[in-house]
Amino acid sequence: MNQLRQTDSEIAELLALEAQRQTMVLRMIPSENYTSSAVMQATGSCLTNKYSEGYAHRRYYQGQELIDKVEDIAVARARKLFGAEHANVQPYSGSPANMAAYLALVKPGDRVLGMDLAAGGHLTHGAKVSFSGKFYQVRHYGLNPDTQRVDYDQVRRMAKEFQPKMIFTGASSYPRILDFAIFRQIADEVGAFLVADISHISGLCVSGDHPHPLPHADVVTTTTHKLLRGPRGGMILCRASLGPAVDKAVFPGVQGGPHNHITAAIAVALKEADSPEFKEYCHQVVRNAKALAQGLREGGFKLVTGGTDNHLVLMDVTPLGQTGKTLAQTLEKAGIVSNYNKIPFDTRPAEDPSGVRLGTPALTTRGMREGEMARIAQLIATVAREADQPSTLERVRREVIEMCGAFPAPGISVSVVKLFELIIYTKNQLVILKTPRSCRPPVQKFEPEGVKHFRTRSRPLQLNQLKLL
Ligand SMILES: Cc1ncc(COP(=O)(O)O)c(C=O)c1O
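How each quantity is defined
- Residues numbered from 1 in each chain as written.
- Predicted model: local features only at pLDDT ≥ 70, side-chain atom pairs only at ≥ 80, totals over all residues.
- Pairing = 2+ DSSP bridges.
- Helix = DSSP H or I, 4+ residues; strand = E, 2+ residues; numbered from the N terminus.
- Contact = placed C-beta atoms within 7 Å.
- Axes fitted to C-alpha atoms, helices over the stretch in contact; angles between N-to-C directions.
- Buried ≥ 20, exposed ≤ 12 C-beta atoms within 10 Å, placed from the backbone.
- Near = placed C-beta within 6 Å.
- Nonpolar A, V, L, I, M, F, W, Y, C, P; charged D, E, K, R; others polar.
- Left-handed = near helix turned anticlockwise from the far one by under 90°.

Visitor: Just give me the short version of the sheet that holds strand β15 (residues 355–359), but keep the residues and values in it.
Guide: On the basis of which strands lie adjacent, the open sheet formed by four strands has the order β11-β12-β15-β14 and antiparallel pairing. For this open sheet the edge positions go to β11 (302–303) and β14 (339–341), each flanked by a neighbour on one side alone. Here two bridges tie β11 to strand β12 (residues 312–316), and the two strands are oriented antiparallel to one another. Its bridge partner lying in β12, L303 is registered against M315. Sheet contacts for helix α12 (residues 276–298): β11, β12 and β15; angle to β12, the most-contacted strand, approximately 20 degrees. Sitting on the sheet, helix α13 (residues 324–333) is in contact with β14 and β15, with an inclination near 170 degrees to β14.

Here's what the structure looks like:
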């Protein structure tokens, strides 16, 4: 950080502030997490300097001896962890991984059946605004209106009528178990490939908290940065016979040179995930999500499907007379960071939908458990009830800061965190209450509009002494 500060103090300060934000708020976006310091170190390593188009031992550039070893290790660990015959660890992220799956299995114009975005699917599962909806003929299955769960009879009916060449399963905002075995049966009945996108739940598939997509799916795609706790990246897993088509689709089909620093960081994350501690972490993620769901129900919230089997809950906030966007914005003022999201059969637009999506992976990484989840659910209910009361938001924000102090965020360097000992975001203002003497010069330089600094000479201010602006 010191060198970055010397070269570019503007970016250095923003990174420091973001590190501080990540430690001082409750991060409840279900697709986010905290990577370990080891993963961060690999991500920030000299491997970013190397070009390596191609695959290990088959490159188009010299100087690959060590890079090949890194990629071999990452591939071997991915295959072992997921029990896959073949693994490709080069996709830059989840969307390019899905693009490569299309390229490997179907031709432009072919028919694809995917899960509707409003039902919880992802853009790359055939949404009109995505390449997938533009280059392929896509139909979408949805949910049973009574249960709000995947309607497998509807999937079967649609598959028989539409005769897709590929069926996509997997979701971004579906709080229940997906039955990959039924999807396999349906795909077999119509002679379609089955792709399982386990971006959100890959950790749970490893820990046994969610059924595994293999051997049911022909191809499995995943991001590496969600529950799996790796760097931002993607992976594709499949049986050996599909390996060459998948590899060709990733490179040269969709991408150029792999991001070797990310490959190394994926390898580290996979090693971390191949442990009893990671499995226990995943079990706790689910226990925490269930505790959160219960607390929210007790707080009067209506949950899509009534609860959760995995790492996320989706709240329908319309009974509160609010929209998802307004509640998510109010929650952030109190230090609780979520995302607004469509709910099944939503009549509101995606820019201001009826739902708020909350997840437990990041908080569980910080060591929080069911007790904290129950309390956070109460705080969320308080904020929703008293959204127009600044004093309530201030009180909740203080409790959130105390909670964050008790559960430090892993992977974020302490020296960075110590830049500001106490910081409060409220009413869209950033209020810094105390900064250590050693860090004052760079901090003083960074004073965007609306930021007020308070400094104390001797001892930190007590939370109850704070007077927010
Ligand atoms: C199910 C699913 N697939 C794919 C993706 C795309 O991942 P990325 O944003 O890394 O491209 C996401 C992202 O949230 C996702 O939830």
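Visitor: Lay out the pairing of strand β7 (residues 166–169) in plain terms, naming residues and giving numbers.
Guide: Where burial is concerned, the two faces of β7 agree: the one with M166 and F168 and the one with I167 and T169 are both buried. Note that strand β5 (residues 111–115) and β7 share two bridges and pair parallel. Across the sheet, residue L113 finds its bridge partner in β7, namely I167. The pairing of β7 with strand β8 (residues 193–197) spans four bridges and is classified as parallel. Within the sheet, the bridge partner assigned to T169 lies in β8 and is A196.

Visitor: Which residues make up the site of the ligand, and what values go with them?
Guide: Surrounding the ligand, one finds 14 residues, the nearest of these being S93, G94, S95, S172 and S199. For the shell around the ligand, the leading source of residues is helix α5 (residues 94–105), giving three residues. Residues belonging to the shell around the ligand are distributed by class as follows: one nonpolar, twelve polar and one charged.

Visitor: Tell me about the packing of α12 against helix α15 (residues 370–385), and please be specific about residues and values.
Guide: Contact geometry of α12 with α15 gives a least axis separation of 8 Å together with a crossing angle of 35 degrees. Judged by the twist between their axes, the crossing of α12 over α15 is right-handed. Residues R287, N288, A291, L292, G295 and L296 of α12 lie in contact with α15, whose contacting residues are E370, M373, A374, I376, A377, Q378 and I380. For the contact of α12 with α15, a count of residues per class yields eight nonpolar, three polar and two charged.

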